[in-house]
Amino acid sequence: MFAARRKGYGFDLQAVEMATRAGLHRAGAAVLARLLSERGDHAARVACACGAQACYHDHRPKRFLTALGSLELERAYYVCPCCHQGQSPRDAELDVAGTEYSPGVRRMMALVGSESSFEHGRQQLELLAGIDVSTKAVERQAEAIGTDIEAREQAAIHRAKQLQLPEVCAPAVPVLYIEMDGTGVPVVKAETEGRVGKVEGQPAHTREVKLGCVFTQTYTDQEGGPVRDADSTSYTGAIETAQDFGLRLYTEAWRRGWSRAQKKVVLGDGAVWIWNLADQHFPGAIQIVDLYHARQHLWELSAKLFPNDTQARKQWTAICLDQLDKGKIEALVKILRDLQPTHAELAKIVVNEADYLERNAQRMRYPEFRGQGLFVGSGVIEAGCKTAIGARLKRSGMFWTVRGANAIIALRCCRLSNRFEDYWADRSGAA
Ligand SMILES: [Zn+2]
């Protein structure tokens, strides 16, 4: 390259820097292989899973891909005289057992695979890190890490179920919020077999992800409005039943200091499953229906009541919204009940809306909640549905299996909750 420059052919710095990096990676891989190989320095016997002692047999090579490229190392191989099982304890020590990728490379694959499509992730790895892997490998490794994160989560959920979670000894949280919501993710056909879709008579094309978040509030601003503690939001979610999700969110809330929160709040839209879970898992919490959802209900109803009379619609909506904002739900219910439209279908809609307001009346005392300096909107979880789920799982042309989606959701929630570093520290036993 330098010779070419001397001859006047110009100089391609990009080619030179990439080639130099590749060369230094190869040199680094050679150094790493020497450092990691164990020769002569090995135990004669190691414990076997069967309870007996496995004996040293020979040294065997293992090849895997690292951040510096592919390398091969020699490690001791043991065979058990009782059960004839072979093993290399070094693999577990290096966290490369059963895989051809080092932890560093798997971490990169998990990161890019959680951010965007697996193919896009593969391209990023190639350009940014000089790591050449297949798209399928990115998918497999990202899903494997996500599955492992979820398995650890399930272990914590199991401990919570047995009431074995450690009591957290940290200062009391002033206000702890729990928000939850559902959002659909497109899935492959086999995952919706026998399920009823949103449109009557048509099969479902999506499955619902239930997403929850927990955050804290310590201060209010000068006007007495609530301020969310910076970086205090953690997320958890999956495609699963409301029952399983309830335990998942309970575990997360516990981790965040549920037991020592001075004030507890559950925020959500009007969905029945949300309030069932709130009653079951979060007793004593103040329950608040998202104000903007409630307003939306009134807007939609007024559009049906006054399809052609803009003036009347505006007037009616203004009166209703005013009652809602003032938390005068009984008065609002009366306005609706007095309507009694003659059109049967419309009458049914009005009754439904009146029932919805009546059922949630205690969750709509907005002046009271504001007076306590609390949030009355569930904007955090709605934004979470977009950033945690939509941005990765709802792209056009993407169809997920439940297993694959849940792995990537676990991975994304872990990263959004700032726990990805902890996960790797845990894996290597350094935590
Ligand atoms: Zn054995």
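What counts and how
Every chain begins its residue count from 1, and numbering advances along the sequence as written. Confidence filtering applies because this is a predicted model: local features only for residues at pLDDT of at least 70, side-chain atom pairs given and counted only at 80 or more, and all residues used for totals across whole chains, interfaces and linings. Values shown for side chains rest on all heavy atoms present in the structure; no hydrogens or waters enter the calculation. For the purposes of this entry, the term helix denotes a DSSP run of H or I that reaches at least four residues, the term strand denotes a run of E that reaches at least two, and both are numbered from the N terminus. Only protein chains enter the accessibility calculation, which uses a 1.4 Å probe. A residue is then buried if its area is under 20% of the maximum for its type, exposed if over 50%, and partly exposed in between. The pLDDT value expresses, per residue, how confident the predictor is, ranging between 0 and 100. We define a nonpolar core as any set of buried Ala, Val, Leu, Ile, Met, Phe, Trp, Tyr and Cys residues linked to one another through side-chain atoms lying within 4.5 Å. We call two residues contacting when some pair of their heavy atoms lies within 4.5 Å. In this analysis a donor is any N, O or S atom within 2.8 Å of a metal ion (3.2 Å for sodium, potassium and calcium), and since water is not included, sites may seem incomplete. Geometry is assigned from donor-metal-donor angles: four donors are tetrahedral when every angle falls between 85 and 135 degrees, four are square planar and six octahedral when opposite donors sit over 155 degrees apart with all other angles between 65 and 115, and any other arrangement is irregular.

Chemist: Explain unusual backbone geometry to me, and be specific about the residues and the numbers.
Modeler: One non-glycine residue, D95, adopts positive backbone phi at about 60°. Note on placement: D95 falls in the loop between α3 (89-93) and α4 (103-115). Classification of D95 by relative accessible area gives buried; the value is 17%.

Chemist: Mind laying out the confidence of the model for the chain, listing which residues take part and the relevant values?
Modeler: Averaged over every residue, the pLDDT of the chain is 92; the share at 70 or more is 97%. Helix α1 (residues 2-6) is the least confidently modelled element of the chain, averaging 83 in pLDDT, while strand β8 (residues 234-238) averages 98, the highest of any element.

Chemist: Let's hear about the nonpolar core: which residues, and what values?
Modeler: Side chains of a nonpolar character, in soluble globular proteins, are inclined to be buried together. Grouped together as the largest cluster of nonpolar side chains are 95 residues, with contacts concentrated most on F282 and Y366. The element that contributes the greatest number of residues to this core is helix α15 (residues 402-416), accounting for eight residues. Setting aside residues no more than four positions away along its own chain, F282 makes contact with I178, M180, L249, Y250, A253, W258, V266 and L277. Core analysis: the next-biggest nonpolar cluster, separate from the first, contains eight residues, A29, L36, F64 and V96 among them.

Chemist: Quick rundown of the coordination of the zinc ion? Include the residues and the values.
Modeler: All of the protein donors around the zinc ion are C48 (SG), C50 (SG), C80 (SG) and C83 (SG); their distances to the metal are 2.3 to 2.4 Å. Each of the four donor atoms around the zinc ion contributes to a set of angles spanning 101 to 116°, which defines the coordination as tetrahedral. Read from N- to C-terminus, the donor residues coordinating the zinc ion fall into the pattern C-x1-C-x29-C-x2-C. Here C50 is found in the loop between β1 (45-47) and β2 (53-66), whereas its partner C83 is found in the loop between β3 (69-79) and β4 (86-87), with 33 residues between them in sequence. A relative accessible area of 43% places C50 in the partly exposed class.

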